[in-house]
Structures are given as structure tokens and as C-alpha cells.
Amino acid sequence: MIEIFRVVTKGRGRRVRSVKNSLNCPFPLLFCCGMFCAAVLENLGQTIIPDLGSLESQHDFRTPEFEEFNGKSDSLFFNDGQRRIDFVLVYEDESRKETSKKGTNEKQRRKRQAYESNLICHGLQLEATRSVLDDKLVFVKVHAPWEVLCTYAEIMHIKLPLKPNDLKNRSSAFGTLNWFTKVLSVDESIIKPEQEFFTAPFEKNRMNDFYIVDRDAFFNPATRSRIVYFILSRVKYQLINNVSKFGINRLVNSGIYKAAFPLHDCKFRRQSEDPSCPNERYLLYREWAHPRSIYKKQPLDLIRKYYGEKIGIYFAWLGYYTQMLLLAAVVGVACFLYGYLNQDNCTWSKEVCHPDIGGKIIMCPQCDRLCPFWKLNITCESSKKLCIFDSFGTLVFAVFMGVWVTLFLEFWKRRQAELEYEWDTVELQQEEQARPEYEARCTHIVINEITQEEERIPFTAWGKCIRITLCASAVFFWILLIIASVIGIIVYRLSVFIVFSAKLPKNINGTDPIQKYLTPQTATSITASIISFIIIMILNTIYEKVAIMITNFELPRTQTDYENSLTMKMFLFQFVNYYSSCFYIAFFKGKFVGYPGDPVYWLGKYRNEECDPGGCLLELTTQLTIIMGGKAIWNNIQEVLLPWIMNLIGRFHRVSGSEKITPRWEQDYHLQPMGKLGLFYEYLEMIIQFGFVTLFVASFPLAPLLALVNNILEIRVDAWKLTTQFRRLVPEKAQDIGAWQPIMQGIAILAVVTNAMIIAFTSDMIPRLVYYWSFSVPPYGDHTSYTMEGYINNTLSIFKVADFKNKSKGNPYSELGNHTTCRYRDFRYPPGHPQEYKHNIYYWHVIAAKLAFIIVMEHVIYSVKFFISYAIPDVSKRTKSKIQREKYLTQKLLHENHLKDMTKNMGVIAERMIEAVDNNLRPKLE
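Predicted model only: the values in this text are computed from it and were never measured.

**As for the nonpolar core**
Phase 1: Among the nonpolar cores identified, the biggest contains 163 residues, and Trp-317, Tyr-321, Trp-404, Phe-408 and Phe-692 are the most heavily contacted of them.
Phase 2: Sorting elements by how many residues they give to this core places helix 12 (residues 309-341) first, with 15 residues.
Phase 3: Looking at this core, you find at least three residues from each of domain 1 (65-287) and domain 2 (297-766).
Phase 4: For Tyr-321, the residues in contact, after removing those within four places along its chain, are Trp-404, Phe-408, Met-686, Gln-689, Phe-690, Val-693 and Asn-711.
Phase 5: Membership of the second largest hydrophobic core comes to 41 residues, among which are Tyr-91, Trp-146, Phe-210 and Phe-230.

Quick look at the structure:
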């Protein structure tokens, strides 16, 4: 038995002990043999990754060979034309640097040599070539041979094809619209559809079960680059105090390498001269990033194939969000047109503009000392515009958007499940490694509770608590800083309103059209919105750096933990930064102002702001328009101009060598690198927009239309940027959109509340309905039928000028005559009433109606949301069938074959055992 063990396990090295231990069992001999066979076969199916430990202290480095550039600018291969370039490392030759730091240069050179030597020892093949334009630069080309690819594909649990997909595609229910979808789709003769396969995690010892037609095409370029990057990120180059330093990221950050990137396959404007090149970059630019393809669907499979699943899932989500916005935009435009076409039938606006009604109503001053009395009809134009947005269509649209956001999230889950299956991320088994920054701080030794082995951590539990406390305090401080800026904007509004009230004309002059629109309220609102937008962008720029510093100090273990932590910090800040001014206008402005004889003061000095007689809804609309429009324009200009200008400057510096033929790797090196956070800012930009579209849409039905136009441009701008201005990103796997999914779900729940409260407390819809159904007819009204006539007079309370406090008596109201009373926006009893200046019965009716409306609207929409969530499964029936079919095939092809091999091997072992026993017993019998 032991002899057989020695024969089978010969050469297994470190695996011998684990296999030998599996034999020490108190079971019968036959079962022990079975356990032994399984252990041996399991170990035979695994390849050991050598831990060579070639660090910078040793002298026998294995270095890449230098080769001259062969003049083929489109080549993606080594000079031999056979080995494909999977990754490129760039460094500056220390011997040609113009610097006096010889000691530092020598250390960097030794680390790089140790690193490259370890890369070669791990099976990678390297070839170095000097730059054509700058002889100080050296490009190290990396190639992964077939054996290395197979080994690491098994380690990384990469799913690869088993057999072609044999499930039939269902015909579309909208067959008559095929001609329309064909126009929008990418031409299949240009970008051929990817063949669908059933896949399984790759295993070397079952290679014959996989669908390998051509070894060179079995691993596509994106997969090859991902495998090579996996190796590059984990190879060591230095050992200090028993702490290993490793990874290409740390070497790039320390300046030992200047860049590390996979290659684009060709130029984006023309096809490669190499007939074997797939020209995927050219196809992506032509059919995806070019402006003439703006109306076409995105080639998601090609995007995923070229850039990886993480980039693909972003564009899939953005495209799906944009498609859903089309429906919301159509309904929003319809509601806007409804309000626009019916503004002439707006009775209360006619009363404001009527010279015998609004022209004779004298309104009380809205500030102390400098503000005069004013006539109601100076708000005529703003009341007409308010009729467009504050209509019954707004209520319908708010309810619709509450349902729409649920449909969007639920259908996106289904679409995401389909992509997870099609892109082989259903069971993402790859264990994420710790970040190099985390590993570098691991100085404390603890015992792992699971493995009972020593491991290093960066700080103790007490140190972790201190870090979390400091980080939370820093985030809280910055949120308070944003709130302080919002208060500053409010103080600006209060201060500048006094100035505009004193400087702008008090009477409407028919010969000057500007006076009709430039009221003190409008001027204050527009200037405050512009200043608010500028402050938002400044604070945004500063806090981006602060949030990264806080997250770096927090030291998350993995890249996913890092991105999720940064996502929550950035979104919390952006939520307060972008939405605080909107929340103030919607729910606080004009709500706590008191009345002219007893106003409420901010900080004991500034009198609180009041809304227009029509409410604050129009001001909220103005704020949203400026912030949404300004943000979209600013971001798109920044995304287009910044990388283009940087590349233009780089080309200007290289103009002297422009006549030389440069290789593919040198062309890519001079493109812009993608930031460390990748698509984080793209997601953040879209989620902030999603918040504007959902949280405050009741005040601005055109918000989905603006978002739709922006997103159509955003998709192509991002595509153009990735395809033409940036180096090719390292392909990464991603199962979903990460932490952004729960953030959107939280926004969707909050949106129901905010829109219900906007309709109830910001718009005048509820007071108008209460007047129409209760106070226009007896016992409270004088009209014989339900009507909106008299609404303005009924909703403006009366104040006696003689009751002004001393600080208000100096108001210069002489220009409008010596009036004894003025009107103000509130529901209070008139002077002389036993309860003068107290809230009247109309006020309590309105409050009750508002609260009832909020409760009913929330419950109705939430009920519909939960029903939709329950009725729409997260995974479609077709996708479930494909997943089950794939599991069945995996079990059949892999596990059953594995059992057959195991049975065969057990038979061979049994024969050897019988033969050994026979050989031992025969001499004794003789």
C-alpha cells in the first residue's frame, strides 16, 4: 500500500503530506483505498504555483531579452510574430536618467529586475523594446503561454465554453415591428453576433470536455489580459521584516514603472493592416462611439468582450435607464403640454392679472424698512407660468413616476439576471485579494479564528474603532459645512431680496417687457440658484479629494470594500450638496414666516422668506432647471475637453518625432490613463441625476426629458472617451452595479414621500381643491355652484397697517397711497375678529386635506410598488431554463466523466494492489 502511494505521489513535493494524512483513517481497507484514490486524483488535478521567492537581494536575475522594433506599427505580437502581447509595462531606464540620485535609481532598478525575474519564473514570457521617440523609455511586452493561461484560468474559476447553446430563441411578440428594431440595431454583417455557449469553470484535467476548436482563440484577448493582470498583481519583488511587497500597482505608484496596460487592437479611425487583427476598437468607434450611431442600440456583447464585464454592465445599465426614461419623458411632456394648453383657463391666474382684482389688491411688505407695499398683479407673469406646472397633470405625473421607478428597478433586475447568465457571472467564485495598500500596513499578528493560524492585520480592534470614529466625524463635519453653505445662501436670499425690492420698479410699465418678468422674487430666485450651483460644484471638487483621503485612512481590505465605502461617503455628501437647496425651497421656505405684525426672524436679524402668492413651486422648478442643466453641460464639457486637451498637449510635445513609425504599444502609452476609481464618477453622475428625476419631479415634469437628452449624449461621450482618448482598461468581472442598486432603491422609496409632500405643501393644488369643493359654495362661500372664482381673495388674509410693529412703520408705502390695510398669504382671521390673526377654519380644512392626501397617495403608490415587485420575478423563466440547462450539462459532462476516470483509476490501483499482494505472498507459499 505504501509502495503504491510512493509511486503515485512521486514528485508531488509539498502535496505529499496532505495526501498521506488522508490515509490515516480507521475505516476498512477498501474505503481507505477509495479515499486514497480520491485524494491522489484531486491532487493530480491541481497545478502547484511555485513560490520561488526571487527577491531583490539575489543576483541571478532572469531578465527579458531586448529586441529592436521591427517597423510593424499595427503588430500585436512579439518580434517572432507568434506570441501575442497580453500586457505592456513601461519604465524609464535609470542609466539614461538625468538625475544625481544614483542610489535611488539603483534600488528601483533592483526591484524591477527582481519583479521581472519572478514574472519569468511564474511562466510569463517577456520581450523588451526601446521607445522610438524617447530612448529613455523601455516597453516590456508580456505574453502568457497556453500552460500559464490554463493554470490560472482554473485558479481564477474562469468559465469557458462547454458546448454551443442548444436552446431556441423565442420569437418576439412584436414581430410586426422587426423592421423598426432592425433600423435601431447594429448591422450584423459588420458586428457579427457572438455565439452562445454553455460554460463551466475551467479545469485542466478535464480539458477534453471543453469546446476547444482553436487554442489561440479559446482565451479571448480580454481574458488573457485579465489573467496576466492577476499574475502581475501578486508577484513579489521585495521582502522586508517578513512582509512581502508585491504587485504592479505598487510599482507604478512608486514610479518604478511609469505605466502598465493592455493594448488596443488597432487604431480607432482605420482597420489594422494585420489580417489576423479583429479590429474591435475600430468597430466600436464606428458603430458605437461615432455621432452618426447615436440612434443605434449599443453592441453590448462586443463592449463586454473588449472591455470586460465591469464596463459592459455600466453601459447596459445606462442604456436601459435611458430607454425607460423615454416613457417617462413622453408622459412628462404630455403633462407639461396639458398645463400649457390649459393655462388660459386658469381662473386664479386671471384674477391675479385682472386690473380690477389683482391690480387693486395691495400686498404687505415682505421685509422691514426698505420693502414697499406692492400690487398683486406684478406677479402676473409668474402666475401664468405657475399654471403650467401646478396643474392636475402634475398630480398624475407624480403618481406615474412612483410606479415608473418601481418598473425600472424591477425590469432592470431581470435584465441584469440575463446579463449575469450570458456573461458568465452568475456564480462569481473568484476570491478577491487584499489591496496592496492594505497589505503594506499589516504589522500586527493575530490568530485567525477559522484557520487557527497566524495572520497579519493593519491595526487592532481598538485602532479600527478609532479610525471609524475619526472617519465618521470627518464626514459629519463636511456635511455640516454643506448645511452651513445652504444657510449662507438663505441669508443671501434674505439680504438681496431687500435690495431688489428697493431698486426694482414697483409698478408695471407696459412699454418695458423686462419689468413684467423681473420681479424681486424672480431676481432673487435666479441669482441665488446660480450662486448655489457654483458653490455646489466648488464643494464637490474639494470633497472628492477629502472623501478619498478619508477612505484611504479607513483602509478597507479589498477593492470592492474600498469602492463601496467611498460610494456611500460620496453619495451622502452629494445628496446633501445637490439636494439641500431643493429641500429648503420645497419644504421650508415660506412655511414659518408668521404674519406681518409678528414675523419670524432668522438669527434674530433676518426676516424669513415668503413665497409668491402662487407658492414656491415655480422657484423650485427654476432651481431644478439651473442645477440639472448646468450640471449636465459642465460634466459633458469636462468629459470631452479635458482628455482631448491633455492628448493634444502630448502630441504637441512629440511633434518632432511625428514622422517616425511608432508601434502599437507606444501609441497607447501616450493616451490618457483611466483614473483609479474607473467608472465611479460616471455612476455617481447618473445616480445624482436619477435623484433629480425622481425626488422632485412633481415640480418639473420636463426633468425626464432633460435627463433623456443628456443620457443619449452621455452614452456616446463616454464611448468616444473610452475608445479614442484613454488606454484600454484592464478587463474586470462584475456581477451587478454594486452599491448603486440599494442606493437607487432607497431613492425610489424616498421619492414617493417627497413628491407627495411637494404636491401637498409646496404647490397650491390642495388649497384650490378645498376651496372648490367646500369654500366656494354655502355654508362657507357665496356662489351657487362649484367654482374657482374668488379664490385669490379668499386665500389672502387682511392685515391692519396700524398694527405694524415699530421696526416696520418706516416702510415707504407712500407711492401707492395711504392704505389702512394690506393683504398677505395665509389663512387667518381679519383684524376686529375675536380671534384676529389666528388661523381660521379654512386653514384647518387645508391642513387636514394635505395630511389625508399624503397618507392616501403614499399608501396607494407603495401598494402598487409592492404588488409590482411581487408580480415581476427577478429572473425570467427563459433565463432560469438556461441556467438549469447549463447546470445539467456541467454535471453530465464534467462530473460523470470525472466518475468514469475515477472508476478507471481505481481499477488500475486495485490491479496493482492485487499484483503487489500476489508478489509478496508467492515467495512465502513457495
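**Description of the packing of helix 12 against helix 23 (residues 680-695)**
Phase 1: At their nearest, the axes of helix 12 and helix 23 sit 12 Å apart, and the two run at 20° to each other. In terms of their interaxial angle, helix 12 and helix 23 are classed as roughly parallel. The chirality of how helix 12 crosses helix 23 is left-handed. Seen from helix 12, the contacting residues are Ile-313, Tyr-314, Trp-317, Leu-318, Tyr-321 and Leu-325; seen from helix 23, they are Glu-682, Tyr-683, Met-686, Ile-687, Gln-689, Phe-690 and Val-693.
Phase 2: Looking at the contact of helix 12 with helix 23, its residues break down into 11 nonpolar, 1 polar and 1 charged.

**Examining the UniProt feature "transmembrane region" (unreviewed entry) in the chain**
Phase 1: UniProt feature "transmembrane region" (unreviewed entry): in the numbering of this structure it lies at residues 314-341, 392-412, 475-502, 522-543, 570-588, 686-709, 743-763 and 841-862.
Phase 2: Helix makes up 100% of residues 522-543 and strand 0%. Its end C-alpha atoms lie 31 Å apart.
Phase 3: Between the end C-alpha atoms of residues 743-763 there is a gap of 28 Å, over a span that is 95% helix and 0% strand.

**Considering the state of the cysteines**
Phase 1: In total, this model carries 3 disulfides according to the counting rule given.
Phase 2: Across the disulfide from Cys-353 sits Cys-380; the S-S distance is 1.9 Å. Its S-S torsion of approximately 100° makes the covalent link between Cys-353 and Cys-380 right-handed. Linking Cys-353 in helix 13 (residues 347-353) with Cys-380 in helix 14 (residues 380-389), this pair joins segments that are 27 residues apart in sequence.
Phase 3: For Cys-353, a relative accessible area of 23% translates into the label partly exposed.
Phase 4: Classification of Cys-380 as buried rests on a relative accessible area of 12%.
Phase 5: Between the sulfur of Cys-364 and that of Cys-822 lies a disulfide, 1.8 Å long from S to S.

**Notes on the environment of Gln-298**
Phase 1: Considering the arrangement of structural elements, one finds Gln-298 in the loop between helix 10 (280-289) and helix 11 (300-307).
Phase 2: Along the sequence, Gln-298 and Leu-284 sit 14 residues apart, while their C-alpha atoms lie 9.3 Å from each other.
Phase 3: With sequence-adjacent residues up to four places away left out, Gln-298 is seen in contact with Trp-288, Ile-303, Phe-315, Gly-319 and Ile-715.
Phase 4: Here Trp-288 takes part through its side chain, which lies 3.1 Å from a polar atom of the side chain of Gln-298.
Phase 5: In this structure the side chain of Gln-298 is engaged in a polar contact, spanning 3.0 Å, whose partner is the backbone oxygen of Phe-315.

**Considerations on helix 15 (residues 392-422)**
Phase 1: Along its 31 residues, helix 15 runs 45 Å from first to last C-alpha, staying within 8% of the 45 Å computed at 1.5 Å per residue.
Phase 2: Asp-424, located one to two residues past helix 15, shows a positive phi value of around 60°.

**Some remarks on the sheet that holds strand 2 (residues 87-92)**
Phase 1: The 5 strands are arranged 1-3-4-2-9 in an open sheet whose pairing can be described as mixed. Looking along the sheet, the strands with just one partner apiece sit at the ends: strand 1 (65-66) and strand 9 (259-261).
Phase 2: Here strand 2 pairs with strand 9 via 3 bridges, running antiparallel. For Val-88, the partnering residue across the bridge sits in strand 9 and is Phe-261.
Phase 3: This element, helix 8 (residues 221-232), spans strand 2 and strand 4 (137-143) of the sheet and lies at about 45° to strand 2.

**Quick notes on the packing of aromatic side chains**
Phase 1: Enumeration according to the criterion identifies 60 aromatic pairs in this entry.
Phase 2: Between Tyr-862 and Phe-866 the ring centres are 6.3 Å apart and the planes differ by 20°, which places this aromatic pair in the stacked class. Residue Tyr-862 and its partner Phe-866 are both found in helix 28 (residues 841-871); the two are separated by 4 residues, about one turn of the helix.
Phase 3: The exposure class assigned to Tyr-862 is buried, which follows from its relative accessible area of 18%.
Phase 4: Positioned above the aromatic ring of Trp-665, the side-chain terminus of Lys-141 is 4.3 Å from the ring centre.

**Digging into the environment of Tyr-115**
Phase 1: Assignment of secondary structure puts Tyr-115 in helix 4 (residues 102-121).
Phase 2: If sequence neighbours within four positions are ignored, Tyr-115 has contacts with Leu-89, Leu-232, Val-235, Lys-236, Tyr-237, Gly-247, Ile-248, Leu-251 and Tyr-257.

Parameters and conventions
Residues numbered from 1 in each chain as written. Predicted model: local features only at pLDDT ≥ 70, side-chain atom pairs only at ≥ 80, totals over all residues. Heavy atoms only, no water. Core = buried A, V, L, I, M, F, W, Y, C linked by side-chain atoms within 4.5 Å. Buried < 20%, exposed > 50% of the residue type's maximum accessible area, 1.4 Å probe, protein only. Helix = DSSP H or I, 4+ residues; strand = E, 2+ residues; numbered from the N terminus. Domains from an automatic or database assignment. Contact = heavy atoms within 4.5 Å. Axes fitted to C-alpha atoms, helices over the stretch in contact; angles between N-to-C directions. Parallel < 35°, antiparallel > 145°, perpendicular 65-115°, else oblique. Left-handed = near helix turned anticlockwise from the far one by under 90°. Nonpolar A, V, L, I, M, F, W, Y, C, P; charged D, E, K, R; others polar. UniProt positions renumbered as here; feature names shortened; annotations may be inferred. Disulfide = S-S within 2.5 Å. Polar contact = N/O pair within 3.5 Å; in protein donor to acceptor, adjacent residues only side chain to side chain. Expected span 1.5 Å × (residues − 1). Pairing = 2+ DSSP bridges. Phe/Tyr/Trp six-rings, centres within 6.5 Å; stacked < 30°, edge-to-face > 60°. Lys NZ or Arg CZ within 6 Å of the ring centre and 35° of its normal.

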